[in-house]
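Listed here are the chains, written in short residue letters.
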Amino acid sequence: MTLRLENLSQHYGGLQVIQDVSLEIDVGDITGMIGPNGAGKTTLFSLINGLQRPAGGTVVLNGNDITRMKSHVRVRQGLGWTFQVPRPFSHLTVFENLLVAAREQPGDTIWRNFLTPGRVAATERNIAAKAEEILEFLKLQHVRESHSKVLSGGQKKLLELGRALMLDPVFILLDEPFAGVNPVLIEEIGARISELRDRGIGFLIIEHNIGALARLCDRMVVLDRGKIIGDGAPSTVLADKTVRLAYLGESA
Ligand SMILES: Nc1ncnc2c1ncn2[C@@H]1O[C@H](COP(=O)(O)OP(=O)(O)OP(=O)(O)O)[C@@H](O)[C@H]1O
């Protein structure tokens with residue numbers, strides 16, 4: 001199963017932020033994406049999850065051209081994502097945030113709810129059971145009834161991952177899962193991501209914490225000024241002169 005980006009481009013007014021990017025990734029892997037601030041990483045994510053339409057090029061997931069699909073339709077194709085700045089509902093508890101994640105999908109018809117209340121009750125029970133499972137998997141049971149606004153940075157990132165998992169994704173885009181997270185929780189989040197990969201869920205991860213990302217990912221891609229300038233095993237990519245020059249600011 002693959003995600004294929006073909007000649008993608010995007011601009012904001014006159015600013016060309018993604019320039020003819022072509023990339024094929026195995027959606028069963030953990031692929032890391034690094035690049036200097038403003039390189040276009042978040043923009044590339046928005047083109048994959050449908051929050052933006054590209055100026056040119058196509059996005060193909062498992063053979064389906066999803067370039068023009070709305071975001072919620074992409075969710076049904078197995079795509080999940082989290083944001084750089086976590087967006088939980090701060091007035092809801094951790095558990096409620098998980099429940100809501102399963103229900104906030106636009107495009108679901110409400111008519112069926114009126115017609116088959118028994119089925120709705122069963123669905124609600126399934127959602128609650130899934131939320132309990134995810135709480136346990138992410139080791140968040142002890143904050144189950146806490147409002148999400150009191151969580152630490154790392155716990156918020158875990159909750160965001162949990163909210164994505166509620167929608168049964170096969171491939172998840174993570175935007176800076178380690179930003180503002182203490183080192184102990186970074187290891188914990190990394191361990192959860194690895195375990196999910198072993199269960200068959202792949203990831204594309206943007207991250208500035210290169211050390212933590214390199215330990216986690218199978219492959220690393222480097223974006224610089226809207227172009228891919230490095231791609232391969234993390235150790236090879238990080239030793240590459242062009243990458244070191246562009247990203248790490250080293251002289252050649
Ligand atoms: N909505 C927007 N309108 C105009 N310019 C934008 C918009 N979003 C991003 N940009 C600009 O596009 C460029 C790429 O931004 P993007 O957020 O994709 O980079 P990034 O690699 O994710 O950066 P960072 O690592 O800092 O998050 C930057 O120069 C940014 O200022």
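- Looking up the protein chain in an unreviewed UniProt entry gives the name Amino acid/amide ABC transporter ATP-binding protein 1, HAAT family, with the organism given as Alloyangia pacifica.

**As for the pattern of salt bridges**
Then, number 1: Inspection of the entire model under this criterion finds 14 salt bridges.
Then, number 2: Here Glu-195 makes a salt bridge to Arg-192, at a shortest N to O gap of 3.2 Å. With Glu-195 and Arg-192 both in helix α7 (residues 183–198) and three residues apart, the pair spans about one turn of that helix.
Then, number 3: We classify Arg-192 as buried; its relative accessible area is 10%.
Then, number 4: For Asp-231, the salt bridge is made with Arg-219, and the minimal N-O distance between the two is 2.8 Å. Of this pair, Asp-231 sits in strand β10 (residues 227–232) while Arg-219 is found in strand β9 (residues 219–224), placing the two residues twelve residues apart along the sequence.
Then, number 5: Judged by relative accessible area, which is 40%, Asp-231 ranks as partly exposed.
Then, number 6: What emerges from the salt-bridge pattern is a single network uniting Lys-139, Glu-188, Arg-192, Glu-195 and Arg-199.

**Some words on the packing of helix α3 (residues 94–103) against helix α6 (residues 153–165)**
Angle between the axes and distance between the axes are the two parameters that describe a pair of packed helices.
Then, number 1: With their axes 8 Å apart at the nearest point, α3 and α6 run at an angle of 30° to one another. Like other packed secondary-structure pairs, α3 and α6 cross with a definite hand, here right-handed. Contact residues: Val-94, Asn-97, Leu-98 and Ala-101 in α3; Leu-159, Gly-162 and Arg-163 in α6.
Then, number 2: Looking at the contact of α3 with α6 residue by residue, the classes come out as four nonpolar, two polar and one charged.

**Let's talk about the pairing of strand β2 (residues 15–26)**
Within a regular beta strand, the side chains point alternately toward one face of the sheet and then the other, so they alternate between its two faces.
Then, number 1: Of the pairings in the sheet, the one linking strand β1 (residues 2–12) to β2 comprises eight bridges and is antiparallel in character. By the bridge assignment, Leu-5 is partnered in β2 with Leu-23.
Then, number 2: Once β1 ends, the chain turns through two residues before running back antiparallel as β2, passing Gly-13 with a positive phi of about 60°.

**Quick word on α3**
Then, number 1: Of all the ten residues making up α3, seven are buried; the element is thus mostly covered by neighbouring parts of the structure.
Then, number 2: Within α3, burial applies to Val-94, Phe-95, Asn-97, Leu-98, Leu-99, Ala-101 and Ala-102.

**Section: the site of the ligand**
Then, number 1: Asn-37, Lys-41, Thr-42, Thr-43 and His-208 are the nearest of the 14 residues found near the ligand.
Then, number 2: At 2.7 Å, a side-chain N or O of Lys-41 approaches an oxygen atom of the ligand.
Then, number 3: When the ligand is considered free in solution it has 640 Å² of accessible area, and contact with the protein chains removes 61% of it.
Then, number 4: Ranked by residue count, the leading element in the shell around the ligand is helix α1 (residues 41–49), at three residues.
Then, number 5: Split into classes, the residues belonging to the shell around the ligand amount to five nonpolar, seven polar and two charged.

Procedures and definitions
Residues numbered from 1 in each chain as written. Predicted model: local features only at pLDDT ≥ 70, side-chain atom pairs only at ≥ 80, totals over all residues. Heavy atoms only, no water. Salt bridge = Lys/Arg side-chain N within 4 Å of Asp/Glu carboxyl O. Helix = DSSP H or I, 4+ residues; strand = E, 2+ residues; numbered from the N terminus. Buried < 20%, exposed > 50% of the residue type's maximum accessible area, 1.4 Å probe, protein only. Axes fitted to C-alpha atoms, helices over the stretch in contact; angles between N-to-C directions. Left-handed = near helix turned anticlockwise from the far one by under 90°. Contact = heavy atoms within 4.5 Å. Nonpolar A, V, L, I, M, F, W, Y, C, P; charged D, E, K, R; others polar. Pairing = 2+ DSSP bridges. Near = heavy atom within 4 Å. Polar contact = N/O pair within 3.5 Å; in protein donor to acceptor, adjacent residues only side chain to side chain. Areas by Shrake-Rupley, 256 points an atom, 1.4 Å probe, with all protein chains shown as cover.

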